[in-house]
Amino acid sequence: MKDVIIVGGGVAGLGAALTLGSSEGKTLGAIETLVIDNGKSDLKKAELYNVPLLKKGSNGVEVLEQMKKDALEFKSVSYQEGCVKSIEGKEGGFVVKTENESYESKYVILASGAHSFDILINGEKVPTLEHDLLPKPQKVKLAYKNRQELVDGVWVAGLLAGVTTMYATALGSGVEAACSLMSKIGGKTTIIHDFPGSRE
Ligand SMILES: Cc1cc2nc3c(=O)[nH]c(=O)nc-3n(C[C@H](O)[C@H](O)[C@H](O)COP(=O)(O)OP(=O)(O)OC[C@H]3O[C@@H](n4cnc5c(N)ncnc54)[C@H](O)[C@@H]3O)c2cc1C
């Protein structure tokens, strides 16, 4: 069983994966994380001139590949292509099903973007709200409670959490979902900060 399954390998999902991966070798210990993605990130259509620290004119596909590579350098992070259809169970024991595979995890982060949300949770369709910060019709977000937790053990991140449709806001939302989850595991506010020599 994985600790965390992240549904969606866009900016938010990979940002969450990188944050969870960085728990390796720290007090919390490695958090085994699987990212499941069906390859349709909005970032693939972008050329970026306004993302802090990214070279102006960065190609979205290349940026996404680099984020994936960085996340996968942590041994506890893995990646699988697939389209998630359903999630069953409760905190501590979820079964996440794609078209033809089934995976288990203790926690789930939903980072599947704002185009639609059709994943059934315990057999039920999840109510969506209009994504009011996205200037296009029929885009969705999910309403969550404290620190992006949708229901116990399931977090929402990125555009699906209703943030403004920018790389940096989606990334920040993914990182916040991961820190919220780690804080639940740790039983107190938990973040991972490195400093020179801390991974030697
Ligand atoms: C044309 C264009 C230009 C842009 N230009 C800029 C810009 O210049 N600057 C800027 O800051 N932002 C820009 N953006 C916005 C930026 O790309 C988004 O804000 C960001 O990609 C959102 O990240 P996300 O992870 O929330 O969603 P996404 O990147 O959309 O990722 C969601 C991921 O979830 C996957 N997924 C969905 N459903 C499932 C499922 N059921 N199972 C498995 N996987 C699933 C999708 O395939 C996708 O990979 C642009 C967007 C577009 C479309």
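These numbers were taken from a predicted model, which means no experiment stands behind them.

Caption draft 1: Just the packing of helix α1 (residues 11-21) against helix α2 (residues 60-72), in detail. For the pair α1 and α2, interaxial distance at closest approach is 8 Å and the crossing angle is 20°. Looking at the two axes, α1 sits roughly parallel to α2. In the crossing of α1 with α2, the sense of the turn from one axis to the other is left-handed. Residues Leu 14, Ala 17, Leu 18 and Gly 21 of α1 lie in contact with α2, whose contacting residues are Met 67, Lys 68, Asp 70 and Ala 71. Taken together, the residues of the contact of α1 with α2 sort by class into five nonpolar, one polar and two charged.

Caption draft 2: Layout of the pairing of strand β2 (residues 33-37). Counting buried positions along β2 yields five of five residues, so the element is predominantly enclosed. Every second residue of β2 is oriented toward a common face, with Thr 33, Val 35 and Asp 37 on one face and Leu 34 and Ile 36 on the other, all of them buried. As defined by bridge partners, strand β1 (residues 2-7) adjoins β2 across four bridges and the pair is classed as parallel. Following the sheet pairing, Val 7 is matched in β2 by Ile 36. Here β2 runs beside strand β5 (residues 77-81); their pairing, made up of five bridges, is parallel. Paired with Asp 37 across the bridge in β5 is Glu 81.

Caption draft 3: Structural context of the environment of Glu 32. Take Glu 32: it is sitting in the loop between α1 and β2. It is 9.7 Å that separates the C-alpha atoms of Glu 32 and Phe 74, two residues lying 42 residues apart in sequence. The contact partners of Glu 32, leaving out residues within four places of it in the chain, are Lys 2, Asp 3 and Ser 76.

Caption draft 4: Structural detail: the nonpolar core. With 50 residues, the main nonpolar core has Ala 16, Val 108, Ile 109, Leu 110, Val 156 and Ala 157 as its most contacted residues. Not counting the four nearest positions on each side in its chain, Ile 109 is found in contact with Val 4, Ile 6, Ala 16, Trp 155, Ala 157, Ala 177 and Leu 181.

Caption draft 5: Region of the structure containing the site of the ligand. What surrounds the ligand is a group of 33 residues, the closest being Gly 8, Gly 10, Lys 40, Gly 113 and Gly 158. Only α1, β2 and α3 (167-186) provide two or more residues apiece to the shell around the ligand. A breakdown of the residues in the shell around the ligand according to their chemical character gives 17 nonpolar, 12 polar and four charged.

Caption draft 6: Quick look at α1. Burial within α1 is extensive, with 11 of its 11 residues counted as buried. Along α1, the residues classified as buried are Val 11, Ala 12, Gly 13, Leu 14, Gly 15, Ala 16, Ala 17, Leu 18, Thr 19, Leu 20 and Gly 21. Turning to α1, the residues buried within the fold contact β1, β2, α2, β5, β8 (102-110) and α3.

Caption draft 7: The pairing of strand β7 (residues 93-98), seen in detail. Sheet analysis places strand β6 (residues 84-90) next to β7, joined by six bridges and oriented antiparallel. Its bridge partner being in β7, Lys 90 is matched across the sheet by Gly 93. Where β6 folds back onto β7 in an antiparallel hairpin, the turn is made up of two residues, including Gly 92, whose phi is positive at roughly 100°. Of the strand pairs in this sheet, β7 and β8 are connected by four bridges, and their pairing is antiparallel. Bridging from a neighbouring strand, Lys 97 pairs with Ser 102 of β8. Linking β7 back to β8 in an antiparallel pair, the connection comprises three residues.

Cut-off values and rules
- Residues numbered from 1 in each chain as written.
- Predicted model: local features only at pLDDT ≥ 70, side-chain atom pairs only at ≥ 80, totals over all residues.
- Axes fitted to C-alpha atoms, helices over the stretch in contact; angles between N-to-C directions.
- Helix = DSSP H or I, 4+ residues; strand = E, 2+ residues; numbered from the N terminus.
- Parallel < 35°, antiparallel > 145°, perpendicular 65-115°, else oblique.
- Left-handed = near helix turned anticlockwise from the far one by under 90°.
- Contact = placed C-beta atoms within 7 Å.
- Nonpolar A, V, L, I, M, F, W, Y, C, P; charged D, E, K, R; others polar.
- Buried ≥ 20, exposed ≤ 12 C-beta atoms within 10 Å, placed from the backbone.
- Pairing = 2+ DSSP bridges.
- Core = buried A, V, L, I, M, F, W, Y, C linked by C-beta atoms within 7 Å.
- Near = placed C-beta within 6 Å.

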